[in-house]
Amino acid sequence: MSDFRIKTYPVGQIGTNCYILYREGTGKAVIADPGDNGAYILNMCRELSLTPEAILLTHGHFDHILAVEDIRRAFPEIKVYGGDEEKDLFTNSSLNLSSGFGSACVVPDVEYVKDGEMLSLAGISFEVLFTPGHTCGSVCYLIREEEVLISGDTLFQESLGRTDFPTGNQNQIVKSIREKLFTLPEDTLVYPGHGDKTTVGHEKVYNPVALHYKG
């Protein structure tokens, strides 16, 4: 039986899924998309007796980054990772929409990662998948060994990310889902930025990308 664990914590005004990923017995964790309420996320880590080692960001929208600095203040050595095409959103509060929601926010000192790059964090191997469309630099993180995908706002249960925000592109997101995500094993569990988890196999049958987009 695998010692891999993933906990889901919806945070913020639009219920963004923040994930805490870890292996039993290591005492270390990775936090994916800490979208708000840093004190709550840190308290969840304490309850699990975990020290966060890294933060993974799927993209730069405010509802996925608001708690980054709170976590950094508690753990100054923690590293933050994000896609290398997403620099503008991480550093511009207008593009990442935070200034329009009354809490201007940027994320400095990001460790930028590229498509196909492998990250070994807290005993877990993450493969970076460049999946532009929701934003120009959106990425997903694949834990191939556990058949788990952190999909951000690229792929949802029977839905896909909106593309009417800055740097979004409908054709790109459809291509990303078809060519990067639908080619994964069908049993791969998909943990999205909002809503319930799903599987690649389910989405290949019921997602609008499979049903309505041709070509």
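Residues numbered from 1 in each chain as written. Predicted model: local features only at pLDDT ≥ 70, side-chain atom pairs only at ≥ 80, totals over all residues. Heavy atoms only, no water.

S.K.: Would you take a moment to explain the overall build of the protein chain for this structure?
M.R.: Helix and strand counts for the protein chain stand at 6 helices and 14 strands. In terms of overall size, the protein chain behaves like a compact globule, its C-alpha atoms giving a radius of gyration of 16 Å where 215 residues would be expected to give roughly 17 Å. Oriented by its inertia axes, the alpha-carbon framework of the protein chain measures out at about 50 × 45 × 30 Å. Looking at the 215 residues of the protein chain, the share that counts as buried comes to 52%. For the protein chain, contacts bridging at least 24 residues in sequence account for 60% of all contacts bridging at least 6. Carbon and sulfur atoms make up 48% of the accessible area of the protein chain, which amounts to about 9,400 Å² in all. Taking the 18 positively charged and 30 negatively charged side chains of the protein chain as two groups, their mean positions are separated by 2 Å. (Helix = DSSP H or I, 4+ residues; strand = E, 2+ residues; numbered from the N terminus. Rg over C-alpha atoms; globule rule 2.2 N^0.38 Å. Buried < 20%, exposed > 50% of the residue type's maximum accessible area, 1.4 Å probe, protein only. Contact = heavy atoms within 4.5 Å. Areas by Shrake-Rupley, 256 points an atom, 1.4 Å probe, with all protein chains shown as cover. Lys, Arg positive; Asp, Glu negative; His and termini not counted. Charge placed at Lys NZ, Arg CZ, Asp CG, Glu CD.)

S.K.: How should the side chain of His194 be read in this particular structure?
M.R.: With respect to the helices, strands and loops of the structure, His194 is situated in the loop between strand 13 (189-192) and strand 14 (198-199). The class for His194 is buried, based on a relative accessible area of 18%. Polar contacts involving the side chain of His194 include one to the side chain of Asp63, which spans 3.3 Å. A distance of 3.4 Å separates the side chain of His194 from the side chain of Asp153, its partner in a polar contact. For His194, the residues in contact, after removing those within four places along its chain, are Ile14, Gly15, Thr16, Asn17, Asp63, His64, Asp153 and Phe156. (Polar contact = N/O pair within 3.5 Å; in protein donor to acceptor, adjacent residues only side chain to side chain.)

S.K.: So what exactly am I meant to see when it comes to the nonpolar core here?
M.R.: A general feature of soluble globular proteins is that nonpolar side chains tend to end up buried together. With 27 residues, the main nonpolar core has Ile20, Ile31, Ile55, Leu57 and Val107 as its most contacted residues. Breaking this core down by element, the ones donating at least two residues are strand 1 (4-11), strand 2 (16-23), strand 3 (28-32), helix 1 (38-47) and helix 2 (68-74). For this core, the leading source of residues is helix 1, giving 4 residues. Dropping the residues within four chain positions of it, Leu57 is found in contact with Asp33, Pro34, His64, Ile65, Val68, Val80, Tyr81, Gly82, Phe90, Val107, Val139 and Tyr141. Membership of the second largest hydrophobic core comes to 22 residues, among which are Ile6, Ala54, Leu56 and Val113. (Core = buried A, V, L, I, M, F, W, Y, C linked by side-chain atoms within 4.5 Å.)

S.K.: Explain helix 4 (residues 170-181) here, please?
M.R.: Along an α-helix, a turn takes 3.6 residues, which lines up residues three or four apart on a common side. Between the first and last C-alpha of helix 4 there are 16 Å, a value that for 12 residues agrees with the 16 Å anticipated at 1.5 Å per step. Turning to helix 4, its buried residues are Ile173, Val174, Ser176, Ile177 and Leu181. Seen along its axis, helix 4 keeps its buried residues to an arc of 155 degrees; they face one direction. (Expected span 1.5 Å × (residues − 1). Arc of directions from axis to C-beta.)

S.K.: What's the story with unusual backbone geometry in this structure? I'm lost.
M.R.: Most peptide bonds take the trans configuration, and most residues that are not glycine carry a negative phi. Residues other than glycine seldom take positive phi values, yet Asp109 does so here, at roughly 55 degrees. Structurally, Asp109 can be placed in the loop between helix 3 (87-91) and strand 6 (111-113). Backbone geometry places Glu158, a non-glycine residue, at a positive phi of 55 degrees. Mapped onto the fold, Glu158 is located in the loop between strand 11 (155-156) and strand 12 (159-160). Given the relative accessible area of 39%, Glu158 is considered partly exposed.

S.K.: Would you explain the pattern of salt bridges in this entry?
M.R.: Where charged atoms from two side chains of opposite charge come close, those side chains can pair. This model, assessed by the stated rule, comprises 12 salt bridges. With a closest N to O distance of 3.0 Å, Arg23 and Glu146 form a salt bridge. One end of the pair, Arg23, is in strand 2; the other, Glu146, is in the loop between strand 9 (139-143) and strand 10 (148-152), and 123 residues separate them in sequence. Given the relative accessible area of 8%, Arg23 is considered buried. (Salt bridge = Lys/Arg side-chain N within 4 Å of Asp/Glu carboxyl O.)

Note that all results are geometric; they support no functional claim without further evidence.
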